Amino acid sequence: MPNLTTECRIAAIGKHVGEVVTVHGWVYNTRSSGKLHFVILRDGTGLLQCIISKNDVSDEVFLAASELTQESSVRVSGVVREDKRAPGGYEMHVHDLHVVQLAEDYPIKLKEHGVEFLMDNRHLWLRTPRQASIMRIRHTVVKACRDFLDDRGFLLVDAPILTPAACEGTTTLFETDYFGEKAYLSQSGQLYNEANAMAFGKVYCFGPTFRAEKSKTRRHLVEFWMVEPEIAFCNLEECMQLQEEMITYIVCSVLERNARDLETLERDTEALRRVVPPFPRISYDEAVELLRSKGMDFTWGEDFGAPDETVISQAFDKPVFVHHYPAQCKAFYMQPDPDRPELVLSADLLASEGYGEIIGGGQRIHDRVVLEQRMNEHALPEDPYRWYVDLRRYGSVPHSGFGLGIERTVAWICGTQHVREVIPYPRLLNRIYP
RNA sequence: UCCUCGUUAGCUCAAUGGUAGAGCACUCGGCUGUUAACCGAGGGGUUGCAGGUUCGAGCCCUGCACGAGGAGCCA
């Protein structure tokens, strides 16, 4: 079918008032008053109300419009008009309509659905306005992470996903067959980051991460994305400063670029506007004291559980750093505190409003003897880590880094109930479909 | 792995141990400004699976499967 009009995406429709344009999209919903059809069109950038009047179109087009089903793909042409009655403020008075494919009975209705049904239909669920807003915010968060680090001279050096051994030795790994040998899906790029930081000074990796833990909570995914910066010649305090600047940059980017999406999600943006440096910093000792003052039973030396983290984060109105953890609850590579060897120079960043830990990081051991001693205590095999120890032989320097969980950050910024909603195809315990 | 709750129409949910229902969706009809449109009619069920108790089980009991929320672990 010949088409000589301007093609236009719905997000830009306001620039074409009075003009004849063509829009490609999918039918979000239809209504009819007999000789007047209202077709709400969706094109991935927004929604547009199209008016199809029996007086304005051929009998064929009017018949085709009356037979449209939800999610049918179409091409429509018509005049753009400003109209307060239309959602979004603009509508199209259609001259012509071409049905690309008439959709079969569509499973996802505009009414409520249960979680299991929506997850089974994730490939279709992504088409709904709420999910579109979440994916746009995720895009902004990822772009903001990259822009922030790129602007500060970081080099993207990605770590391998197939690895010969555990990075941290704590969580369960996915095992795979590597031409007859065992290999594992990466749970962190951090050890490789340390090598890369000694090569390039300031680096980051950005990729998927896999944890075979049988976690079943709103904060856990089996496959999730993490951005991990690593900086040579950097101590814990400098590392925390970088983190709060980065989180602030991310939140500001979303507030600037996704105002309408935050509105769709009914997110309280006041809480997000409070996210500016400096973030409160409390030591592990102070956090334990805080928990006890709230009447919670807590043994020094244990790691905080989810309810503990919630209580700590609720004591502040922005994200809070907890630093100087006991060595026993952190990974083997954490630098001991010179003043109190039972502590390590680590810091976690807890998101506000009970979303839990979004960053884990700290200063790494730069002394070979100390590192080998810790590896012994953790009963780690020598061979797979030989290259890692090597880094302490050739120009070792104090260095720090952290891992930022993309999904937890997006869930916090969006205010969603569960991290499964903020990744396109969540991998969960008991779910690898679709 | 543990604790709690759940599984009835395509979807969301009702139904004292006594004939399995509603709204939405779908099909047909009506309507020229609708806003998850509305009005009328119609089709649609092995009540998760397997046993048991009972004159009779969607409902009570046992086991299993699947799902949800939480714990542990962590981003």
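Conventions adopted
- Going along each chain's sequence as written, the residues are numbered from 1 onward.
- Both sets of labels track the order of writing: A upward for chains, 1 upward for ligands.
- Given that this is a predicted model, residues contribute local features only at a pLDDT of at least 70 and side-chain atom pairs are listed and counted only at 80 or more, while totals for whole chains, interfaces and linings are drawn from all residues.
- Hydrogens and water are ignored here; the side-chain numbers use all heavy atoms of the structure.
- At least two DSSP bridges between two strands are required for those strands to pair.
- Each helix is a run of H or I in the DSSP string that is no shorter than four residues. Each strand is a run of E no shorter than two, and both are numbered from the N terminus.
- Note on contacts: a residue pair is in contact if any heavy atoms of the two residues lie within 4.5 Å.
- Lines are fitted to the C-alpha atoms to define the axes, a helix being fitted only along its stretch in contact, and any angle between axes, read from their N-to-C directions, falls within 0 to 180 degrees.
- Bear in mind that the domain bounds are from an automatic or database domain assignment.
- Angular relationships are summarised with four words: roughly parallel below 35 degrees, roughly antiparallel beyond 145, roughly perpendicular across 65 to 115, and oblique for the angles in between.
- In this scheme the handedness of a crossing depends on how the near helix is turned from the far one: anticlockwise by less than a right angle means left-handed, clockwise means right-handed.
- Note on residue categories: nonpolar means Ala, Val, Leu, Ile, Met, Phe, Trp, Tyr, Cys or Pro, charged means Asp, Glu, Lys or Arg, and polar means any other residue, Gly included.

1. Concerning the sheet that holds strand 16 (residues 356–364)
Strand order in the open sheet made by the eight strands is 7-11-12-17-16-15-14-13, with mixed pairing throughout. Across the chains shown, the open sheet's two edge strands, defined by having one partner strand only, are strand 7 (155–156) and strand 13 (281–283). Across six bridges, the pairing between strand 16 and strand 17 (residues 399–405) is antiparallel. Along strand 17, the bridge assignment pairs Gln363 with Ser400. Against the sheet, helix 5 (residues 190–200) makes contact with strand 7, strand 11 (202–210), strand 12 (223–232), strand 16 and strand 17, and its axis sits at roughly 35° relative to strand 12, the strand it touches most. Taken strand by strand, helix 9 (residues 284–293) contacts strand 13 and strand 14 (320–323), and its axis lies near 85° from that of strand 13.

2. Here we look at the domain arrangement of chain A
Here chain A is described as being made up of domain 1 (6–101) and domain 2 (122–422). Domain 1 and domain 2 are separated by 46 Å when their C-alpha centres are compared.

3. As for the packing of helix 4 (residues 129–151) against helix 6 (residues 236–257)
Two numbers describe how helix 4 lies on helix 6: the axes approach to 9 Å, and their chain directions differ by 135°. Here helix 4 is positioned oblique relative to helix 6, judged by the angle of their axes. With respect to the hand of their crossing, helix 4 and helix 6 are arranged in right-handed fashion. Facing helix 4, whose interface residues are Ile137, His139, Thr140, Val141, Lys143, Ala144, Cys145, Asp147, Phe148, Leu149 and Asp151, helix 6 presents Leu242, Glu245, Met246, Tyr249, Ile250, Ser253, Val254 and Arg257. Of the residues assigned to the contact of helix 4 with helix 6, the class counts are 11 nonpolar, three polar and five charged.

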